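# Survey of secondary and tertiary structure
Chain residues, written in single-letter form:
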Amino acid sequence: MALDPQGSYVLQALLKVASKSEMEDMFTRYYESTLIPLSLHPIANYTVQSLIEHCPSSAVAQGICQKLFPLFEDLLAETATGVVISVINCARRFAVTSDISKILLQSFHIPEDQITFTFRCIMSLTTYDILMEKIEHSKKPTQSGKPRRDRFEGTLHGSLLAQGLFKLGEISLLEDGMCTLSEDHIVYLCNDKHASHAIQAFLSSLNIAGNVKHRFISTTLPVVDKLVTNPQGSHVFESLWDAADLELKSRLAQGLLMKEQVLKDNTYGAIIWKKCNLKSFKMGQKGWEASEKRKKRDLQEFRELINDENDSVSNLVVKKEKSTDCDSALIPLL
């Protein structure tokens, strides 16, 4: 049933509403012995993701992680990125003892003294050896004698894996690689339709410290004018702006002010000009700073309000689940 597109949807829906005891029974009876082949299947892996996301207990989480951690390389080769992210999230949620960093390094064949290349390996979804071959090839001149460019390669599934890691706050392996990128690579990443989403996930993650984000933002300062006039790059710049402190915003604004006419003549640039209140910045920095502080304060108050609402909803859901577990009966599977 999990191998069929329609059957897979039914199973995913069932896993969402099953109680804790039902989930444990289904895992033992149906999924424990078939977890590996289902995880590698192009359709069934979505059912596995749903199973992991709704994992009912630490015991089940231990069983899932024990089976799938050694399979990360194979899962990534089959582009089952969602399964990898789900397993990492499950391990964190249930405090399963594991070294995620070590597992990822092994999956991409990255030596421990070369972790700077982890970000590039993940984004391109290639092993360290293959990446090194491509970098060495880029150092050789073309037939005409001109130097080649070391182009950054970003893939859809590599971007999805990076997004998942950033949302979970798994940054230790990726920070140095991101913050030592060349200007060419930064422009490529921020303007690429796939890679740009990974950068936005990094900048908007609530689980990544502000000083790490500020370190990356500092590396983008020389090239921000090449981002704001691009459809994808302008969205990344908005994320840069939202994650920056007042000092970095001032430096970003100064860089854009030098390209005032270029921004005003471009659709995306004009939006950035208005969003960042650069007209006020041009007229006087003190008034602009007061405006930015006021915006930050209002945003903080709004986030606190949303968090309070979410906490209230979560408490209601927990109470409902506890009462449901006491009264539920096993849902039969056909």
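Residues numbered from 1 in each chain as written. Predicted model: local features only at pLDDT ≥ 70, side-chain atom pairs only at ≥ 80, totals over all residues. Heavy atoms only, no water.

Within the secondary structure layout, Ala-13 lies in helix α1 (residues 5-17). On the basis of relative accessibility, which here comes to 43%, the residue Ala-13 falls in the partly exposed class. With 37 residues separating them in the primary sequence, Ala-13 and Ser-50 have C-alpha atoms 8.6 Å apart. (Helix = DSSP H or I, 4+ residues; strand = E, 2+ residues; numbered from the N terminus. Buried < 20%, exposed > 50% of the residue type's maximum accessible area, 1.4 Å probe, protein only.)

Within the secondary structure layout, Ser-50 lies in helix α4 (residues 44-53). Exposure remark for Ser-50: the relative accessible area of 4% places this residue in the buried category. Contacts of Ser-50, omitting those with residues within four sequence positions, involve Gln-12, Leu-15 and Lys-16. (Contact = heavy atoms within 4.5 Å.)

Bringing the pattern of salt bridges into the picture now. Enumeration according to the criterion identifies seven salt bridges in this entry. Among the ionic pairs, Lys-264 bridges to Glu-260, the shortest N-O distance being 2.7 Å. Taken together, the residues Lys-264 and Glu-260, both in helix α18 (residues 260-264) and four residues apart, mark about one turn of the helix. Note that Glu-260 and Lys-282 form a salt bridge whose closest N and O atoms lie 3.0 Å from each other. Of this pair, Glu-260 sits in helix α18 while Lys-282 is found in helix α20 (residues 278-283), placing the two residues 22 residues apart along the sequence. One continuous salt-bridge network, built from bridges that share partners, spans Glu-175, Asp-176 and Arg-215. (Salt bridge = Lys/Arg side-chain N within 4 Å of Asp/Glu carboxyl O.)

In this section: the packing of helix α11 (residues 156-168) against helix α14 (residues 195-204). How two helices pack is summed up by the angle between their axes together with the distance between the axes. One can describe the packing of α11 onto α14 by two numbers: an axis separation of 8 Å at closest approach and a directional angle of 5°. On the basis of the axis angle, α11 is roughly parallel to α14. Together, Ser-159, Ala-162, Gln-163 and Phe-166 of α11 and Ala-195, His-197, Ala-198, Ala-201 and Phe-202 of α14 make up the contact between the two elements. Taken together, the residues of the contact of α11 with α14 break down into six nonpolar, three polar and no charged. (Axes fitted to C-alpha atoms, helices over the stretch in contact; angles between N-to-C directions. Parallel < 35°, antiparallel > 145°, perpendicular 65-115°, else oblique. Nonpolar A, V, L, I, M, F, W, Y, C, P; charged D, E, K, R; others polar.)

Inspection of the entire model under this criterion finds seven aromatic pairs. Between Phe-69 and Phe-72, the ring centres sit 5.6 Å apart and the planes meet at 75°, which makes this aromatic pair edge-to-face. The class of Phe-72 is buried, set by a relative accessible area of 0%. With centroids separated by 6.1 Å and ring planes inclined at 35°, the aromatic side chains of Phe-237 and Trp-241 adopt a geometry described as tilted. Taken together, the residues Phe-237 and Trp-241, both in helix α16 (residues 231-243) and four residues apart, mark about one turn of the helix. The pair formed by Phe-237 and Trp-241 is uniform in burial state, with each residue classed as buried. (Phe/Tyr/Trp six-rings, centres within 6.5 Å; stacked < 30°, edge-to-face > 60°.)

By the burial criterion, the buried members of helix α19 (residues 267-275) are Gly-269, Ile-272 and Trp-273. Along the axis of α19, the buried positions cluster into a sector of 105°, meaning they face one direction only. In α19, the exposed positions that point more than 90 degrees away from the buried face belong to Thr-267 and Lys-274. Here the buried face of α19 lies against α16, α17 (246-257), α18 and α20. Positive phi shows up at Asn-277, right after α19, with a value of about 55°. (Arc of directions from axis to C-beta.)

What follows deals with the confidence of the model for the chain. Scored by pLDDT, the chain comes out at a mean of 85, with 89% of its residues at no less than 70. Throughout residues 328-334 the model reports pLDDT below 50, and contacts reaching past four residues in sequence, or to other chains, amount to twelve contacts. (pLDDT = per-residue confidence, 0-100.)

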